[in-house]
Amino acid sequence: MNIKMATGFALRNIKANKHLNLPFIISTGVMLALFNIMASLQSNHYVLTRHRQLTFIIQFGIVISFIFSFVFVLYANGFLMKKRNKELALYTVLGLHKRHIGRIILVEHIFNYLSITFITISGGYIFGKLAFVGLNRMLKDISGRVTDYPFSFIAMKITLIYILFLFLFVYALNIITISKATTTELLGMEHSAESEPKNRYVLLITGLGLLLAGYTLALKIEGTLESLIYFFLAAILVALASYFLFISLSIFILKMQKKNKSYFYKAHNFLSVSGMLYRMKSGSMGLASLCILSTGVIITVAVTLCIYGNIETMVKQRTDNRYFNVTGTVVEKNIEQMDKKEAHMLTLVKKSAKDENNIKNYLRQERMIAFATKDNENRLTSVIWEDTKKSKSLYLAFTTIETYNARHGTEFSLADGEILLSSNSDKYLPNGNIMLGDTVYKTTIVKNNNLGAVGIGAYEIVLPDRESLFKMSRIYKWYDLVNKKYEDSNIEMKLAFDIENIGKEEFSAAMREEIKAESKTGDEISFISSEEFRKDYY
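Along each chain, residues carry numbers from 1 onward, in the same order as the chain's sequence is written. Totals for whole chains, interfaces and linings use all residues, but because this is a predicted model, local features are given only for residues with pLDDT of at least 70 and pairs of side-chain atoms are given and counted only at 80 or more. For side-chain calculations, the full set of non-hydrogen atoms in the structure is used, while hydrogens and water are omitted.

Caption draft 1: Summary view of the overall build of the protein. The secondary structure listing takes helices from DSSP runs of H or I that are at least 4 residues long and strands from runs of E that are at least 2 residues long, numbered from the N terminus. Broken down by element type, the protein carries 17 helices and twelve strands. Only protein chains enter the calculation, and the probe is 1.4 Å; a residue is then buried if its accessible area is under 20% of its type maximum, exposed if over 50%, and partly exposed in between. Buried positions account for 40% of the 538 residues belonging to the protein. The contact criterion used is simple: two residues touch if any of their non-hydrogen atoms lie within 4.5 Å. Contacts in the protein between residues far apart in sequence, at least 24 positions, make up 77% of those at least 6 positions apart. Here, Shrake-Rupley sampling with a 1.4 Å probe gives the accessible areas, and only protein chains in the shown set may cover a residue. A total accessible area of about 30500 Å² is found for the protein, and carbon and sulfur atoms account for 64% of it.

Caption draft 2: Structural context of helix α7 (residues 153-180). The terminal C-alpha atoms of α7, which comprises 28 residues, lie 41 Å apart, in line with the 40 Å expected from a rise of 1.5 Å per residue. All buried positions along α7 are accounted for by A155, T159, Y162, I163, L166, F167, V170, Y171, N174 and I178. Any helix carries an expected span of 1.5 Å times its number of residues minus one.

Caption draft 3: Structural view of the pairing of strand β12 (residues 525-529). Here β12 shows a clear split, with I525, F527 and S529 buried on one side and none of S526 and I528 buried on the other. Strand pairing requires that DSSP identify at least two bridges connecting the strands. Pairing of strand β1 (residues 324-330) with β12 involves five bridges; the strand directions are antiparallel. Considered in β12, the bridge of N325 is made with I528.

Caption draft 4: Focus on the packing of helix α13 (residues 335-353) against helix α15 (residues 466-475). For the pair α13 and α15, interaxial distance at closest approach is 10 Å and the crossing angle is 105 degrees. Judged by the inter-axis angle, α13 sits roughly perpendicular to α15. Here α13 contributes I335, M338 and D339 to the contact with α15, which in turn contributes R466, E467, L469 and F470. When the residues that make up the contact of α13 with α15 are grouped by side-chain class, the tally is four nonpolar, no polar and three charged. Fitted lines through C-alpha atoms serve as axes, helices being fitted only where they are in contact, and the angles separating the N-to-C directions of these axes extend from 0 to 180 degrees. Angle categories: roughly parallel below 35 degrees, roughly antiparallel above 145, roughly perpendicular from 65 to 115, and oblique for all the rest. Residues are grouped as follows: Ala, Val, Leu, Ile, Met, Phe, Trp, Tyr, Cys and Pro are nonpolar; Asp, Glu, Lys and Arg are charged; all remaining types, including Gly, are polar.

Caption draft 5: Quick look at the environment of I525. Secondary-structure assignment places I525 in strand β12. Owing to a relative accessible area of 10%, I525 belongs among the buried residues under this scheme. Considered as a pair, I525 and T327 are 198 residues apart in the sequence and their alpha carbons are 5.7 Å apart. Not counting the four nearest positions on each side in its chain, I525 is found in contact with V326, T327, K341, H344, M345, L348 and I515.

Caption draft 6: Just the side chain of S242, in detail. With respect to the element layout, S242 can be found in helix α10 (residues 224-259). Think of a polar contact as two N or O atoms within 3.5 Å of one another; within protein, one of them needs to be a possible hydrogen donor and the other a possible acceptor, and neighboring residues in sequence only count if both atoms come from side chains. Polar contacts involving the side chain of S242 include one to the main-chain carbonyl oxygen of V238, which spans 2.8 Å. When residues no more than four places from it in sequence are discounted, the contact partners of S242 are A288 and I292.

Pasting the structure below:
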């Protein structure tokens, strides 16, 4: 058979099987278009300069889209070829050799994959551009323009290589299957999976074990950051369990229903149970895949919407609902140095604001960050650097009652030996008093805190006065990696405020100039507006 005759056969087959080929081409083209979009982001300068973590996220996305598209194409091709086995068997009856059938399939694949390539490249570019503009609007980044998403020739090359790899792999798989099968086997392949399946007790027990292990791991994990590490392991265990249980447990339940004569020998039950039992052998893998992918979509959309909907709340918390924040470190650990630091930073603000009356909603805060471990006696012990890999660290945010009341509009008062305590999770709250260093403090649990963005178990500890804050800086030290020694923890002074009667951009420019001049003296002061913080957070 020459190529012209093979092409004729192939074109007639494509036309006759359009009800199978068209869904295969469109669905495969869409899946590969998603891969093309991820590949195009990898070389997009605008995207890669938005945030330092985006490169890793996009690379992860490319791997995930590669795996899912590869599995999807194999599954779709298997379904397509199974429906055509009778047609291929007929060719052998008419006298065509397996090599002739191979040539016909090769031509069909070339036509199919040329169509898929067109959908993939054009669809990936068009949909990618629309998604790019839409996402920039969601992220409040109006600087993103259509021209910032150019056609990526690098992504096109990567996608074409991937499509060629898929084409060769699928073609080889089909040829091997056809070459090994006899005419009789090809005729019976379409219904081969419809024999009654047997119980698979090994898979059933393994699936139940994996499911139990996955959920136990998910429920027993302590700590927010730690849970992210084990989340993927738990998800993999449950995903594998889903496959095993769809294959084995579904058959086991259906067979149990079949043995129940009072239930099975009813017209409706007889037809539904028998039909399901004979179909589950071939359909269980597909149903499990749909279950896992659907769950993944629900989780992804839900988590993304939760994070996106909570961003404004996080911005208000971190900026104390003020537009501008100035932060500096108190070098000497005494009250005079703290007052001096506040006065110095306030002087810079007043210079930039031109008039002291332009400063509104002024709020001064002192805080100190440290890390500690908690034992069964509720003692918080400073983390030793050498033991950080062995212990689960808690994030400690110390502040004063004066700062806490001003920030939350409360009127708490604390005597010596008393503290207010809150956490980013109720499971970390102690039953009883907390021990800081060697001193037991009478502890009052409160709900208001500034810990929403902390990714590990965290406490906010409100102290009676500044002297207590300096005391904690000496108890909970930090490790200087450069000098390889322990130092008293730094105390931060933060000023939060709004500006009136002067443009925000004008004030920001003036403030940055003042801070730039200060940096030459070695005094480190940082400045950020809530809009800048919001942009970085988005």
